[in-house]
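# Descriptive structure summary
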Amino acid sequence: MDEELYSRQLYVLGLPAMQRIKAAKVLLCGLRGLGAEVAKNLVLMGVGSLTLHDPHPTCWADLAAQFFLSEESLGRSRAEASQALLARLNEAVQISIHTGDITEDLLRGFQVVVLTDSKLEEQLKVGTLCHKCGVYFLMAETRGLLGRLFCDFGEGFTVEDPTEAEPVTAAIQDISQGSPGIVTLRGDAKSQPFYDGDLVVFSGVEGMVELNCHSPQPVRVQNGSLVIGDTTTFSRYLRGGVVTEVKRPKSVRHEPLHTALLQPRVVAQNTQEVQRAHCLHQAFRALHKFQQLHGRLPKPWDPVDAEIVVVLAQDLEPLKGPKEESLDKALLRTIALSSAGSLSPMAAIVGGVAAQEVLKAISRKFMPLDQWLYFDALECLPEDEKLLPNPEDCHPRNCRYDGQIAVFGTGFQEKLSYQNYLLVGAGAIGCEMLKVFALVGLGVRANGGSLTVADMDHIERSNLSRQFLFRPQDIGRPKAEVAAAAARRLNPDLQVTSCNSPLDPTTEDTYGDGFFSRVDGVVAALDSFQARHYVAARCCHYLKPLLEAGTQGTRGSASVFVPHVTDAYRGPASASEDASAPVCTLRHVPSTVEHGLQVRLAYPPRLKPQLQICPSSSALSPSPSPQWARNEFEGLFRLSAETVNCYQQTRSSLSDRDRTLLQQVLGVRRTRPRAWRDCVVWALGHWQLCFHDSILEQLRRFPSDKVLDDGTLFWSGSKKCPRPLRFDPNQDMHFLYVLAAANLYAWMHGLRGSRNQDALRELLKLLPEPGSVGQNLFSAGAFTPSEFGQEQLKELQGILEDWSKGPPLKPVLFGKDDDSNFHVDFVVAATDLRCQNYGILPVNHARIRQIVGRIIPAIVTSTAVVAGLLGLELYKVASGPRSRGTFRHTYLHLAENHFVRSVPSAPAIQWFHHLKWTCWDCLKVPAVQPERTLDSLLAHIQEEHGLKVTMLLHGPALLYSSGWSLEKRTERLSLRVTELVEQVTGRKPGPRQRVLVLELSCEGEDDETAFPPLHYEL
């Protein structure tokens, strides 16, 4: 298993599931746009082998959604024309072509069979054979703006891991002796994560140790506590322990297709969705009947053909169910009129979900669909019936957009070609969006349309499993540059340019007034909330529509924000880095491995001056830190090196932080290392300091039997009593810590490290056993930086003088994706040892890497779906003004089959006296010539808007305050506005800058008032 390539996907699926996927054999029939999406996703995710079957020749209509085909493919078999490009996505996947008939013997050789855009007769034949042979069967198809997916995994399919979430865990506060026993959990009782009937196991419990080896047992939730079995005969609970959920397998029974056609079980969120899905189900049956009778699909926007489809639907055998539902004739007619087309966004959506269902079948991870999923986006069509296309508008032109023209007509295709868009981010979602842009023909008109791709990042190997525009030879190259070139290969007419600079306040000269004046819309495919907020603010400023999407694992969201129509983007200010461990719990002794990763090691006071007595708990409490492991690494191997280098250059005085860092990195050695042996000695001493001496000091101050004033043991409940470790080179994590720390220390000093573990073991035998660093390093009381005396400072500066004689140190920058550089090894070993100190069960290597690297789990299926959803919103935005009710925000969770679409909120209206505005509004004031003074500006605002300004700002710079002295106010009021801005900020407005954005406060406002920005037009 190539863990570097599939690293983000492994966090979603896990290694056992990935191993099953790697060994799986899949047959895919149908290589039009939908089939290409399924194939692309499966190959990127690393399925073992994929056999393609599609003998039909490529036609013009295929090119609207099939990105492996081009004009050169016309007339060739779709499977043969797609194979070579598909194989380049992942060399580890075996891709072959089957050209014969689909027989029972053939089907028996596969675990999963997928049919796309096939005739009903073939669906029934293959579905019946698969059900008989125990082969998992999926059928997917799209017709214009309508799509569906069917799954049949047999009558006894077992889902081993039904949900994407990690098993729930909670720290224990107390366990009663009784029948039943009551488990009190730490934290807020109202937010405990368990439900009645959950199976749980216990670990790390002290005192009532019988629970630690108990088999999984069900719990009942009672007032935030857990009710378990009889604990009367168990030992008395003392302290500690974690309760962990045990996931239960679930069984699924699927009906074969011929049965499910008349008794459809549909995935829907409410009764209204069920009724619509049933109508769509009958529409598909009628379309297949029309195709069977006429040998073709209904002609695009042909009213005669559409009426035939409506009649066929009404004549169908009714669905079997509790009651017969009437068919929506208008809905059926619209479906028939637009059913001949093939659209890239629809293929991406249905193809992404279908590929995820294939993974569910192979891996037995996550609940499969039960059994039909219907999706339509008919709201993309014009609201005004007069604007709907006619048959002449949709007649094939023998061009690559014929499949799209069949739905929207030539006029809309022409409008798309003149669009100018900015795509921010060329990662996984960005690459999928570029594919959509190329296939729909966005910005393809020379000297009329354009597309700009902005991304400052470079390609890494882990990108290749989700970003299908990149290849192994592209690793290290700029994402934007490579993605733009790849998009041009998909559509040579695409007018795309790349920019390797970010979109942030430092590049407003590049992405300024002139740039945004040419842009029709912005697509944000970003991985940070800070960047999203900035891009959204730019869109508000320039009144540009924003399409925004994000994913995490199999979850995804796609949103649209349209000036003056919807509300603006209002995502969280930042990702919740400590959602699983509230900061308030991190101030005390760790009780879970996440805390171990997030709390600093307990150093002796003179080595870690920030250690202090916490009055609220009387516990030795390291200062809280969101990423302990990263901080430890940064302090030892980066910040300390930078501090030494800075001192070497400037001989400046040392700050409190500098002194702390240097004491850590000096450790038991006070001289600069000269050889590998010196680095090993330092690492061994640091191990002793962290995991033995500091724990002894903690226990000296707070013995294991210490009793508080109320008679309770200090080390009880959530506070685990630590134990010092004794260095043993034969224990893997002891040895790994020294190996990693010594190599990192050597690299920082420009010395050659060593990977020879046998040689290191021999060297450790020769070195004396690590002993205590000495009582002089400890203090009975708290130690603060202010107590760092002149004698200690003089000694430290003397050591620095010696260290500064050599070459500069090399700060080590943490890298999470390279297993050979000892970075993650150091974090893994330190975390494991910290867990051993406190009796916490450690977690695996991958989980630690995810925590310290802040890695977002990702998989190509959810990425493809959200890109397709944005493509649908792009159709609406590009078509021109329309009502808010046609736009959609979408949230999906593929692992649990949740698909929620909603109409965006309207922008909130704010009032201040007579003034009315929304987040999209601003106050505009022209600078005029000669330019007005600040006094003139304030007078103009009061005269035009009735606002008496009390404070005026430009960004963080305060330009004016009514609370200033008369002299200062008079001085500022006489200045011209641009002169004032330059005087206060030190920056003169650029020659191409058209607007100065000012913020104001006014007399009479309350705390809730947020006035619109003032645009001072230069």
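Everything quoted here is computed from the prediction, not taken from an experiment. (Residues numbered from 1 in each chain as written. Predicted model: local features only at pLDDT ≥ 70, side-chain atom pairs only at ≥ 80, totals over all residues. Heavy atoms only, no water.)

We now examine the overall build of the chain. A tally of helices and strands in the chain yields 30 helices and 33 strands. Burial status across the chain gives 56% buried among its 1018 residues. Once local pairs closer than 6 in sequence are excluded, the contacts in the chain between residues at least 24 apart make up 73%. On the chain, roughly 42500 Å² of surface is accessible, and the fraction owed to carbon and sulfur atoms is 50%. (Helix = DSSP H or I, 4+ residues; strand = E, 2+ residues; numbered from the N terminus. Buried < 20%, exposed > 50% of the residue type's maximum accessible area, 1.4 Å probe, protein only. Contact = heavy atoms within 4.5 Å. Areas by Shrake-Rupley, 256 points an atom, 1.4 Å probe, with all protein chains shown as cover.)

What the rule picks out here adds up to 39 salt bridges. Taken together, the shared-partner salt bridges in this structure form one network comprising Arg32, Asp54, Asp62 and Arg78. (Salt bridge = Lys/Arg side-chain N within 4 Å of Asp/Glu carboxyl O.)

The next thing to look at is the nonpolar core. Residues Leu50 and Leu145 are the most contacted members of the largest nonpolar core, which totals 166 residues. A per-element tally of this core places helix α27 (residues 860–879) first, with 11 residues. Look past the residues within four positions of Leu145 in its chain and what remains in contact with it is Ser338, Leu343, Met346, Phe375, Asp376, Ala377, Leu378, Cys380, Leu381, Val407, Phe408 and Leu872. Core analysis: the second largest hydrophobic core is formed by 48 residues, Leu739, Ala742, Val828 and Leu833 among them. (Core = buried A, V, L, I, M, F, W, Y, C linked by side-chain atoms within 4.5 Å.)

Turning our eyes to something else, we now look at helix α14 (residues 428–440). The end-to-end C-alpha separation of α14 is 19 Å, in line with the 18 Å expected for 13 residues at 1.5 Å each. Of all 13 residues that make up α14, 13 are buried, and the element is covered over most of its length. (Expected span 1.5 Å × (residues − 1).)

Before going further, it helps to examine the sheet that holds strand β30 (residues 949–954). Strand-to-strand pairing in sheets goes through backbone hydrogen bonds, with the strands running parallel or antiparallel. Strand order in this open sheet of five strands is β29-β33-β32-β30-β31, and the pairing throughout is mixed. The strands lining the two open edges of the sheet, one partner per strand, are β29 (923–926) and β31 (957–961). With direction set aside, neighbouring strand axes in the sheet form an average angle of 30°. Sheet strands in contact with helix α30 (residues 977–985) are β30, β31, β32 (995–1002) and β33 (1014–1017), and its direction is about 125° off that of β31. (Pairing = 2+ DSSP bridges. Axes fitted to C-alpha atoms, helices over the stretch in contact; angles between N-to-C directions.)

This part covers the environment of Pro956. For Pro956, the location among the structural elements is in the loop between β30 and β31. Taking the C-alpha atoms as reference points, Pro956 and Glu999, 43 residues apart in sequence, are found 9.5 Å from one another.

On to the pairing of β31. Burial analysis of β31 places four of its five residues in the buried class, the great majority of the element. Bridge count between β30 and β31: four bridges; the pairing is antiparallel. By the bridge assignment, Leu952 is partnered in β31 with Tyr960. Linking two consecutive strands that pair antiparallel, namely β30 and β31, is a turn of two residues; a positive phi of about 65° is found at Gly955 within it.

Another aspect to go through is the packing of helix α11 (residues 344–363) against α27. Where α11 contacts α27, the two axes come as close as 7 Å, and the packing angle between them is 160°. Accordingly, the angle class assigned to the pair α11 and α27 is roughly antiparallel. In the packing of α11 onto α27, the handedness of the crossing is left-handed. Here Pro345, Met346, Ala348, Ile349, Gly352, Val353, Ala355 and Gln356 of α11 lie close against α27, whose contacting residues are Thr861, Ala864, Val865, Gly868, Leu869, Gly871, Leu872 and Tyr875. Here the residues of the contact of α11 with α27 are counted per class, giving 11 nonpolar, five polar and no charged. (Parallel < 35°, antiparallel > 145°, perpendicular 65-115°, else oblique. Left-handed = near helix turned anticlockwise from the far one by under 90°. Nonpolar A, V, L, I, M, F, W, Y, C, P; charged D, E, K, R; others polar.)

Among the surface-exposed residues, Glu4, Asp457, Glu460, Asp527 and Asp818 lie close enough to one another that they form a single negatively charged patch. Examined against the element boundaries, Glu460 turns out to sit in the loop between β18 (450–454) and α15 (479–490). (Patch = residues over 30% accessible without salt bridge, like charges linked within 9 Å, V, L, I, M, F, W, Y side chains within 5 Å. Lys, Arg positive; Asp, Glu negative; His and termini not counted. Charge placed at Lys NZ, Arg CZ, Asp CG, Glu CD.)

Attention now goes to the confidence of the model for the chain. Taken over all residues, the pLDDT of the chain has a mean of 86, while the share at 70 or more is 89%. The low-confidence segment residues 593–626 (pLDDT under 50) makes 128 contacts with residues lying over four places distant or belonging to another chain. Under a pLDDT of 50 for its full length, residues 773–787 has, in the predicted model, 32 contacts with residues more than four places off or in other chains. (pLDDT = per-residue confidence, 0-100.)

All chains considered together, the criterion is met by 32 aromatic pairs. Summarising the aromatic geometry, the rings of Phe284 and Tyr374 are spaced 6.0 Å apart at their centres and angled 50° between planes, so their arrangement reads as tilted. With a gap of 90 residues between them, Phe284 in helix α8 (residues 271–294) and Tyr374 in strand β16 (residues 372–376) connect regions that are remote in the sequence. Across the pair, Tyr374 and Phe284 agree in class, each one buried. Three or more aromatic residues joined by ring pairs form one cluster here, namely Phe633, Phe637, Trp682, Trp687, Phe691, Phe727, Tyr737, Tyr745, Phe814 and Phe826. In this arrangement the basic side chain of Arg532 is found over the ring face of Phe529, its NZ or CZ atom lying 5.2 Å from the centre. One Lys or Arg, Lys810, reaches over the ring of Trp747 and ends 5.5 Å from the middle of that ring. (Phe/Tyr/Trp six-rings, centres within 6.5 Å; stacked < 30°, edge-to-face > 60°. Lys NZ or Arg CZ within 6 Å of the ring centre and 35° of its normal.)

Among the structural elements, Asp152 can be located in strand β6 (residues 146–152). This buried residue, Asp152, is left without a salt bridge; Arg265 holds the nearest opposite charge, at 8.2 Å. Separated by 3.0 Å, the side chain of Asp152 and the backbone nitrogen of Gly154 make a polar contact. Beyond its immediate stretch of four places on either side in the chain, Asp152 contacts Gly127, His131, Val135, Tyr136, Phe137, His254, Glu255, Pro256 and Gln371. (Polar contact = N/O pair within 3.5 Å; in protein donor to acceptor, adjacent residues only side chain to side chain.)

Here we come to the sheet that holds strand β26 (residues 898–902). Ordered by their spatial adjacency, eight strands build an open sheet running β19-β18-β17-β20-β21-β22-β25-β26, and the pairing between neighbours is mixed. Only two strands of the sheet have a single neighbouring strand rather than two, namely β19 (496–499) and β26. Here the strands of the sheet are splayed against their neighbours by 10° on average, with no regard to which way each runs. In this sheet, β18 lies alongside strand β17 (residues 420–424) in parallel orientation, the contact comprising five bridges. Each bridged residue has a counterpart across the sheet, and for Asn420 the counterpart in β18 is Ser450. Along the sheet face, α14 touches β17, β18, β20 (521–524) and β21 (546–552) and points at about 160° away from the line of β17. Across the sheet, helix α17 (residues 529–542) lies against β17, β20 and β21, angled at about 165° from β21, the strand it touches most.

Further remarks concern unusual backbone geometry. Following Asp370, the chain continues into Gln371 via a peptide bond in cis, with omega recorded as -25°. Assignment of secondary structure puts Gln371 in the loop between α11 and β16. Across the junction of Gln929 and Pro930, the peptide omega takes the value -5°, indicating a cis bond. The phi dihedral of Asn223 is positive, around 55°, even though this residue is not glycine. Non-glycine residue Trp301 carries a positive phi angle of around 55°. Relative to the elements of secondary structure, Trp301 occurs in the loop between α8 and α9 (303–315).

Before going further, it helps to spend a moment on α9. The α-helix winds at 3.6 residues per turn, so residues separated by three or four positions along the chain end up facing the same way. With 13 residues, α9 should cover 18 Å at 1.5 Å per step; its first-to-last C-alpha distance of 19 Å lies within 8% of that length. Among the residues of α9, Asp305, Ala306, Val309, Val310, Leu312 and Ala313 are the ones counted as buried. Buried residues of α9 fall within an arc of 165° about the axis and therefore sit on the same side. Exposed side chains of α9 directed beyond 90 degrees from the buried face belong to Pro303, Val304 and Asp315. At the N-terminal boundary of α9, the capping side chain belongs to Asp302, with an oxygen 2.8 Å from the backbone nitrogen of Val304. (Arc of directions from axis to C-beta.)

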